[in-house]
Every structure is written in C-alpha cells, then in structure tokens.
Amino acid sequence: MANQSKRQRATERRAMVEKMQREQKAHERRRSLIGAAVVVVLLLGIAGGVFFSVHKSSSGSGGGTIDVAKQVIPTTPTGTAIVQPKPSTTKNPTDISGVVAYDTGSWPGPNDPGGTELGHDHVDGPVTYAVTPPVGGPHNPVWMNAGLYTEPVPSERAVHNMEHGVVWVTYRPDLPKSQVDQLTALFERQSMISEPGDGGRSNRFVDVSPWATNDLPAPVVISAWGYQLKVQSASDPRLQQFIDTFRRNQRYAPEYGAAVDGIPVSTGGNPALGSSQPNL
C-alpha cells in the first residue's frame, strides 16, 4: 500500500506539472505578438549598449554569475493559514556535531494525526511553521525551482523542495557581503545532479536564500527534511558536511528521485543561479 501511495503521488505530481507547463506555454503564445512588437521598439530605441546597463548582475566568488535581472521570486501562497504542531526531536544519527534531528515519522506510511512527527500534507494556504526556518511539515503542492535566490522565498515551497532532497541554506539579511559571497561559492561548488524525466535538466539540489528578518536563530542555518544545523559563519566546514550527508540522499529524502525544477516561472520562480537549463 505504501509503494502504491507513493506511485500515485508521483503520477499526480507529473500531471500537475504538465498541466501548469501547458497553461504557461499557451500564455506565452498569447503574449508573443505583443512581445514581438515591443522588442522591435526597444531595439530601435537602444543605442551604445544602454540596454545592457539595466541588466544588473554580479559575479560570485566561485566564478558564476548571479543574474538578478532574470530572477523571479516564487509566488507566496495565500488563503486560509494553518499552524504546524511542534515536532519532537530525536537522536542525531550523523557524526556532524550540532545537528538537530526531528521525528520524521513512518513515511511513506501515514503520519499520526495530531502527533509530534513531521507531516507531509499538501495545503494551499500559508503555514505558520513551528521551527525557524522550517525543517519539514505541511507544504504547498507546487515546489519552487531550486537554486540561489537573493531575496527571501516562500517557506511553503522550499519545504516541498526539501521533501525532494534539497538542502536549504538560509542566512540573516544583515549577514556581511563577504559571508554571502562565501555561501555563493559554496553553492557553486556543488555538483549538478541529473533529474530523470525532467527534460534533461540537472540541478545542484541546494537552495540558498536570505531569511526575511533577523530573527533567524543563527547567522546561517542549513536544513534538510527533518534535520537542521545552526552555524555562526559561512566558512564553517560543517556546512559542506551537512550537504554531503543529506543532499538528495534516499535515506533522508521522503520523495527521493523527484525533480526540483520544471515549474512555470510564474509560480515556481527563477533563481539567480540555478539549473543546467532555464525554466520557462
């Protein structure tokens, strides 16, 4: 029954993404005539490289280019909010000091209703999470396109990414630029992992984003589904150890093998640094 439930969720997930992609393509076709005319006008009015001045981008210390001009922040869910019950902690199964482990329940079997283990429910509205930043729990049915964002992202979509095996690095908005650059370099060092069935895309399975406020419990916090580590500096070597342990690991990712790309940009966003192929 558990495997059948898992296959059913995977089938429903693919159907949902395909429907969203069809709707996005239809929307793009409707805009194409107007868009072509606008492009012609812009090209005629541009001279001396002025066009490129509006594309503000910066280079990360790892050698990549953060393309803020193409960045789109994933949409924030709206509607009736729910409050996540506080999950209980359990023994840290790793050799990484400081990791806090939470009760992940019996996934893919049903969770205990009203219990203290991390739930997997899909909810349409916003969620007030019991842990900051979240380590799992109820989340939006639509994940976000994984990658590095320079602005805060909605937790409800980032949590869905973690369910698929993404490691999420968050940092305080007042973190010094030198340390933000170190996090960018950390992101860039991670290898690309192919996403079977997602049009040949590859992704690092890492999200990086600032937290919206300085109430983050440490300057930098790294999270996976059910696990979290708080560090005082972006140079802490445990960050890489955490990524090596939890990133797209079948032992820890409830929906191992699922994609973390392919969502239309209008919903899933577009990171400043992301996958091997652009999202549409």
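Now for a quick tour of the structure.

Analysis parameters
- Residues numbered from 1 in each chain as written.
- Predicted model: local features only at pLDDT ≥ 70, side-chain atom pairs only at ≥ 80, totals over all residues.
- Heavy atoms only, no water.
- Helix = DSSP H or I, 4+ residues; strand = E, 2+ residues; numbered from the N terminus.
- Contact = heavy atoms within 4.5 Å.
- Core = buried A, V, L, I, M, F, W, Y, C linked by side-chain atoms within 4.5 Å.
- Buried < 20%, exposed > 50% of the residue type's maximum accessible area, 1.4 Å probe, protein only.
- Pairing = 2+ DSSP bridges.
- Axes fitted to C-alpha atoms, helices over the stretch in contact; angles between N-to-C directions.
- Salt bridge = Lys/Arg side-chain N within 4 Å of Asp/Glu carboxyl O.

## Some details on the environment of Pro152
Here is step 1 of the chain: By secondary structure assignment, the location of Pro152 is in the loop between β6 (127–128) and α3 (155–163).
Here is step 2 of the chain: Here the alpha-carbon distance between Pro152 and Thr213, two residues 61 residues apart in the chain, equals 9.2 Å.
Here is step 3 of the chain: Apart from residues no more than four positions distant in its own chain, Pro152 is found in contact with Ile73, Pro210, Trp211 and Ala212.

## Focus: the nonpolar core
Here is step 1 of the chain: Leu183, Val220, Ile222 and Phe242 are the most contacted members of the largest nonpolar core, which totals 29 residues.
Here is step 2 of the chain: Among the elements of the structure, β7 (167–171), α4 (177–189), β10 (206–210), β11 (220–224), β12 (227–231) and α5 (238–246) are those that each provide at least two residues to this core.
Here is step 3 of the chain: Beyond its immediate sequence surroundings of up to four residues, Val220 is in contact with Val169, Thr170, Tyr171, Leu175, Leu183, Leu229, Lys230, Val231, Ser233, Ala234 and Leu239.
Here is step 4 of the chain: Formed by 19 residues, the second largest nonpolar core is a distinct cluster that contains Tyr129, Ala158, Leu216 and Trp225.

## Examining the pairing of β11
Here is step 1 of the chain: Burial of β11 is extensive: five of the five residues sit out of reach of the surface.
Here is step 2 of the chain: Bridge count for β7 against β11 is four bridges, and the pairing is antiparallel. When the bridges of β11 are listed, Thr170 appears paired with Val221.
Here is step 3 of the chain: Two elements, β11 and β12, share five bridges in a ladder whose sense is antiparallel. Each residue of the ladder has a partner; that of Ile222, found in β12, is Leu229.

## A look at α3
A turn of α-helix holds 3.6 residues, and therefore any two residues three or four places apart point the same way.
Here is step 1 of the chain: Extensive coverage of α3 is indicated by the burial of nine of its nine residues.
Here is step 2 of the chain: Of all the residues in α3, the buried ones are Ser155, Glu156, Arg157, Ala158, Val159, His160, Asn161, Met162 and Glu163.
Here is step 3 of the chain: Following α3 by one or two positions, Gly165 adopts a phi angle in the positive range, close to 110 degrees.

## Structural notes on the sheet that holds β11
Through backbone hydrogen bonds, the strands of a sheet pair up, either in parallel or in antiparallel fashion.
Here is step 1 of the chain: Strand order across the open sheet formed by six strands is β4-β5-β12-β11-β7-β10, with mixed pairing between neighbours. This sheet does not close on itself; its edge strands, each paired only once, are β4 (89–90) and β10.
Here is step 2 of the chain: Taken together, the two bridges between strand β5 (residues 100–102) and β12 define a ladder with antiparallel strand orientation. Each bridged residue has a counterpart across the sheet, and for Val100 the counterpart in β12 is Gln228.
Here is step 3 of the chain: Along the sheet face, α4 touches β7, β10 and β11 and points at about 170 degrees away from the line of β7.

## Looking at the pattern of salt bridges
Between side chains of opposite charge, a pair can form as their charged atoms come close.
Here is step 1 of the chain: Within this structure, the stated rule accounts for two salt bridges.
Here is step 2 of the chain: For Asp181, the salt bridge identified is with Lys177, shortest N-O distance 2.9 Å. Pair noted here: Asp181 and Lys177 are both in helix α4, with a separation of four residues, about one helical turn.
Here is step 3 of the chain: Since its relative accessible area comes to 60%, Lys177 is described here as exposed.
Here is step 4 of the chain: When the shortest N-O distance is used, the salt bridge between Arg238 and Asp236 registers 2.9 Å.
Here is step 5 of the chain: Residue classification places Asp236 among the buried positions, given a relative accessible area of 17%.

As far as function goes, none of this settles anything; it's purely spatial.
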